[in-house]
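Tertiary structure, described
Read off the chains here:
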Amino acid sequence: DNVVYDDYKFLTQEEITSLGLSHLVGTNYLRAYMHGFFIDMKLYREVKDIVNPFAFEEYKDNLVMNKLESQIKDRIKVKKLPKVNKRLAIKDMHKGSKLLEDDRFSSLFNNPDYNIDEESEQYKLINPTVRKHDATKKSEFEDYLSQSASEEDEEEEEEIKTIKRKGSMK
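So, how was this worked out
- Residues numbered from 1 in each chain as written.
- Predicted model: local features only at pLDDT ≥ 70, side-chain atom pairs only at ≥ 80, totals over all residues.
- Heavy atoms only, no water.
- Helix = DSSP H or I, 4+ residues; strand = E, 2+ residues; numbered from the N terminus.
- Buried < 20%, exposed > 50% of the residue type's maximum accessible area, 1.4 Å probe, protein only.
- Salt bridge = Lys/Arg side-chain N within 4 Å of Asp/Glu carboxyl O.
- Core = buried A, V, L, I, M, F, W, Y, C linked by side-chain atoms within 4.5 Å.
- Contact = heavy atoms within 4.5 Å.
- Phe/Tyr/Trp six-rings, centres within 6.5 Å; stacked < 30°, edge-to-face > 60°.
- Patch = residues over 30% accessible without salt bridge, like charges linked within 9 Å, V, L, I, M, F, W, Y side chains within 5 Å.
- Areas by Shrake-Rupley, 256 points an atom, 1.4 Å probe, with all protein chains shown as cover.
- Pairing = 2+ DSSP bridges.
- Axes fitted to C-alpha atoms, helices over the stretch in contact; angles between N-to-C directions.
- Polar contact = N/O pair within 3.5 Å; in protein donor to acceptor, adjacent residues only side chain to side chain.

1. Description of unusual backbone geometry
Even without a glycine there, the phi angle at Met34 is positive, about 45°. You can see Met34 is positioned in the loop between strand 2 (30-33) and strand 3 (36-40). We classify Met34 as exposed; its relative accessible area is 72%. Despite not being glycine, Asn85 shows a phi value in the positive range, around 60°. Mapped onto the elements of the fold, Asn85 is located in the loop between helix 3 (55-74) and helix 4 (86-95).

Structural data, given as structure tokens:
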């Protein structure tokens, strides 16, 4: 007697009690097999929907949250500029080198003792071409600083709004 159980779901005794089907044990609705029971798939889906009616909405909410989290991870993150040697950090970012990420040079951007004084005579002697381009570079630098600060503020506001929305969904 070969019986195919394609349209049946296997449930353990714990699952039977959690679904509230223990009164069906011994009937034709639950077929005993080894350490559990087989139940018709249609009946299982109906019981599952009755026991947890909001399962589909929770599933949809989880999908949306996962999608949002993956989009947040895929965003290009604007690196915050260090407090010391901001111009050097911007030059480094434009060149594409990884000076900011290298631990060996971290004190260059953290320690105020290493701050480059662009007004000093030594700096002007070593970098004479800086004076020629100083006006245009200074305005570009200030534009970049204001743009990065506004982007960081907008990003923080968006994240706060999404967190508030997540809290109101639940």
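Back to the write-up after that little detour.
2. Things to note about the pattern of salt bridges
Scanning the model with the defined rule gives three salt bridges in all. The partner of Asp102 in a salt bridge is Arg104, with the nearest N and O atoms 2.6 Å apart. For Arg104, a relative accessible area of 68% puts it in the exposed group. Lys124 is the salt-bridge partner of Glu119, the closest N and O atoms lying 4.0 Å from each other. In this structure Lys124 comes out as partly exposed when scored by relative accessible area, which is 25%.

3. Quick look at the nonpolar core
If you look at the biggest cluster of nonpolar residues, it comprises 10 residues: Leu11, Ile16, Leu19, Leu21, Leu24, Leu30, Phe37, Ile39, Tyr44 and Val47. Broken down by secondary-structure element, the contributors of at least two residues to this core are helix 1 (13-19), strand 3 and helix 2 (41-51). Sequence-distant contacts of Leu24, defined by excluding residues within four places in its chain, comprise Tyr29 and Leu30.

4. Observations concerning the packing of aromatic side chains
Aromatic ring pairs are described here by two measures, namely the spacing of the ring centres and the angle between the planes. One pass over the structure, following the stated rule, counts three aromatic pairs. For the ring pair Phe10 and Phe38, a centre distance of 5.4 Å and an interplane angle of 70° mean the geometry is edge-to-face. Residue Phe10 is located in strand 1 (residues 8-12), and its partner Phe38 is located in strand 3; the two are separated by 28 residues in the primary sequence. When its relative accessible area of 26% is taken as the criterion, Phe10 is described as partly exposed. Seen in terms of ring centroids, Phe56 and Tyr59 are 6.4 Å apart; in terms of plane orientation they differ by 35°. Their pairing is tilted.

5. Looking at a nonpolar patch on the surface
On the surface, Phe56, Tyr59 and Leu63 cluster together into a nonpolar patch covering about 340 Å² of accessible area. Note that Leu63 resides in helix 3.

6. Let's talk about the sheet that holds strand 2
Strand pairing in a sheet is mediated by backbone hydrogen bonds. Such pairs are either parallel or antiparallel. Across the sheet, which stays open at both edges, the three strands sit in the order 1-3-2 with antiparallel pairing between neighbours. Two strands bound the open sheet, and with one partner strand each, they are strand 1 and strand 2. Taken over all neighbouring pairs, the strand axes of this sheet differ in orientation by 30° on average, direction set aside. Packed onto the sheet, helix 2 meets strand 1 and strand 3 and runs at close to 90° relative to strand 3.

7. Some details on the pairing of strand 3
Most of strand 3 sits out of view: four of its five residues are buried. Count of turn residues in the strand 2/strand 3 antiparallel hairpin: two residues, of which Met34 carries a positive phi of about 45°.

8. Topic: the side chain of Asp92
Following the sequence through the fold, Asp92 ends up in helix 4. Judged by relative accessible area, which is 4%, Asp92 ranks as buried. Within the local environment of Asp92, its side chain forms a polar contact with the backbone nitrogen of Leu99, the two atoms lying 3.2 Å apart. Once residues within four sequence positions are removed from consideration, Asp92 is found in contact with Ser97, Lys98, Leu99 and Leu100.

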